[in-house]
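Structural features, examined
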Amino acid sequence: MVESSRNTNTIISSDRLISLSFDSKSHIVRNIKSTSERPNGYPRRAKFYEGMPWRSLKENGYKPAEYTDPKVFKKDKTKDPNDPKLWADPADINKVDHPFLSFEGILKIDKNGRPLNPKGPTGIEGRGLLGLWGANYATDAIVTRINDQGQLEMAIVTRPGSNQPATAGGMLDRGETAIEAAKREFKEETTGDLDFTNAIKVYEGYVDDPRNTDNAWIETTAYHLHLEDNSNTELKGNGKEGAAKWAVVNKELLDNLYASHANTVKLAVSMWQNKTHKVVDKNGFVR
Ligand code: RP5
């Protein structure tokens, strides 16, 4: 690796990849993509008054369309509780066999017994493409290394359909812990078989995912694993998630990452900088 002759003190704040004002406590995830984007098949998202409490929305003209994808009904786990290939809740909210919990705190429940999105309305009711009423738990594996040019790189996959770059990740299988799922999903999506024992949990909470609805949304546990510098871990796509590859962690990548992955990657880099006393600049160079 080329020894960087750059001196950490010479990096001016505007050159930093992670601004000095970014802080895990002050940086919260809001509904932006969950109210402005929608996957194929979703109806248009209804408009609503920002900041209006749930109880006042419908009397003030909020008319969200009801939508649950047909494949969610097909995957209703009450059809055969022992079939691991069935992952969705029943359509009848009163037959749901789990409490409505969230990393974001106590959830509001509407008059029909449906859990309400902790970040507010999304313009669509029902579950969309998500199987569970309420939080659908996922995991994200942020794996980084420093390349021969002295730049921070991370393993990325491309989302089917949108082709957006994303961290490797996925939904938790029944009975699986988040760290187990992170290792499994990373291997499934990149073929990289890594030891996540030393991975650091950098985020646990809501994801601003275009699939979210008023009654179903994604919450993730994101881990950061930094490999020894210029690790030669090879990455190969598995066809489903498209090409898996190493990409320099620069401003352009962060601006294009799927859902709120930019938030979790910024948290990971911010914590890594604090631990290593190094700074990543906008072009990904580590100083
Ligand atoms: C995002 O969707 C999560 O952060 C995670 O990366 C991903 C899980 O959904 P699938 O990859 O299983 O579609 O919200």
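The coordinates are above.
Residues numbered from 1 in each chain as written. Predicted model: local features only at pLDDT ≥ 70, side-chain atom pairs only at ≥ 80, totals over all residues. Heavy atoms only, no water.

Per the secondary structure count, the protein includes six helices and nine strands. What you see for the protein is a C-alpha radius of gyration of 20 Å, in line with the 19 Å of a compact globule of 287 residues. Here the protein holds 287 residues, and the buried ones make up 52% of them. Across the protein, every contact between residues at least 6 apart in sequence was considered, and the portion connecting residues at least 24 apart equals 71%. Taken as a whole, the protein presents about 14600 Å² of accessible surface, with 50% of it coming from carbon and sulfur. (Helix = DSSP H or I, 4+ residues; strand = E, 2+ residues; numbered from the N terminus. Rg over C-alpha atoms; globule rule 2.2 N^0.38 Å. Buried < 20%, exposed > 50% of the residue type's maximum accessible area, 1.4 Å probe, protein only. Contact = heavy atoms within 4.5 Å. Areas by Shrake-Rupley, 256 points an atom, 1.4 Å probe, with all protein chains shown as cover.)

Turning our attention to the nonpolar core. One finds Leu152, Tyr203, Val249, Val265, Val269 and Val280 to be the most contacted residues of the largest nonpolar core, which totals 29 residues. For this core, the secondary structure elements donating two or more residues are strand E3 (134-146), strand E4 (152-158), strand E7 (200-207), strand E8 (216-226), helix H5 (251-256) and helix H6 (261-276). If sequence neighbours within four positions are ignored, Val269 has contacts with Ile18, Leu152, Val249 and Val280. (Core = buried A, V, L, I, M, F, W, Y, C linked by side-chain atoms within 4.5 Å.)

Moving on: the pattern of salt bridges. One pass over the structure, following the stated rule, counts 17 salt bridges. Put simply, Asp69 and Lys71 hold a salt bridge, and the shortest N to O gap is 3.7 Å. Lys71 gets classed as partly exposed once you look at its relative accessible area, which sits at 42%. The salt bridge partner of Arg184 is Glu176, with a shortest N-O separation of 2.6 Å. No difference in accessibility class separates Arg184 from Glu176, as the two residues are buried. (Salt bridge = Lys/Arg side-chain N within 4 Å of Asp/Glu carboxyl O.)

Before going further, it helps to examine the site of the ligand. Around the ligand, the structure places Asp140, Arg159, Gly169, Gly170, Met171, Val207, Asp209, Arg211, Ile218, Tyr258 and His261. Residue Asp140 places a side-chain N or O atom 2.5 Å away from an oxygen atom belonging to the ligand. Separating an oxygen atom of the ligand from a side-chain N or O atom of His261 is a distance of 2.9 Å. Relative to its unbound accessible area of 360 Å², the ligand is 89% covered by the protein chains. A per-element tally of the shell around the ligand places strand E6 (residues 168-171) first, with three residues. When its residues are assigned to classes, the shell around the ligand shows four nonpolar, three polar and four charged. (Near = heavy atom within 4 Å. Polar contact = N/O pair within 3.5 Å; in protein donor to acceptor, adjacent residues only side chain to side chain. Nonpolar A, V, L, I, M, F, W, Y, C, P; charged D, E, K, R; others polar.)

Looking now at unusual backbone geometry. Positive phi values are uncommon outside glycine, yet Asn163 reaches one of about 60 degrees. Overall, the relative accessible area of 55% leaves Asn163 in the exposed class. A positive phi angle, near 70 degrees, is found at Thr191, a position not held by glycine. Looking at where Thr191 falls in the secondary structure, it is placed in the loop between helix H4 (178-190) and E7.

Before going further, it helps to spend a moment on the packing of aromatic side chains. All told, the structure shown has four aromatic pairs when counted by the stated rule. Ring centres 5.2 Å apart and planes at 55 degrees place the aromatic pair Tyr42 and Tyr67 in the tilted group. Pair noted here: Tyr42 is in the loop between helix H1 (33-36) and helix H2 (54-57) and Tyr67 is in strand E1 (residues 65-68), with a separation of 25 residues, a long-range link. As far as burial versus exposure is concerned, Tyr42 and Tyr67 are alike and both buried. (Phe/Tyr/Trp six-rings, centres within 6.5 Å; stacked < 30°, edge-to-face > 60°.)

On to the pairing of E4, then. Each regular strand displays side chains that alternate between the two surfaces of the sheet. Of all seven residues making up E4, seven are buried, and the element is well covered by its neighbours. In E4, alternate side chains face the same way, and those of Leu152, Met154, Ile156 and Thr158 on one face and Glu153, Ala155 and Val157 on the other are all buried. One ladder, built from three bridges, connects E3 with E4; its direction is antiparallel. Within E4, the position partnered with Thr144 by the bridge is Met154. (Pairing = 2+ DSSP bridges.)

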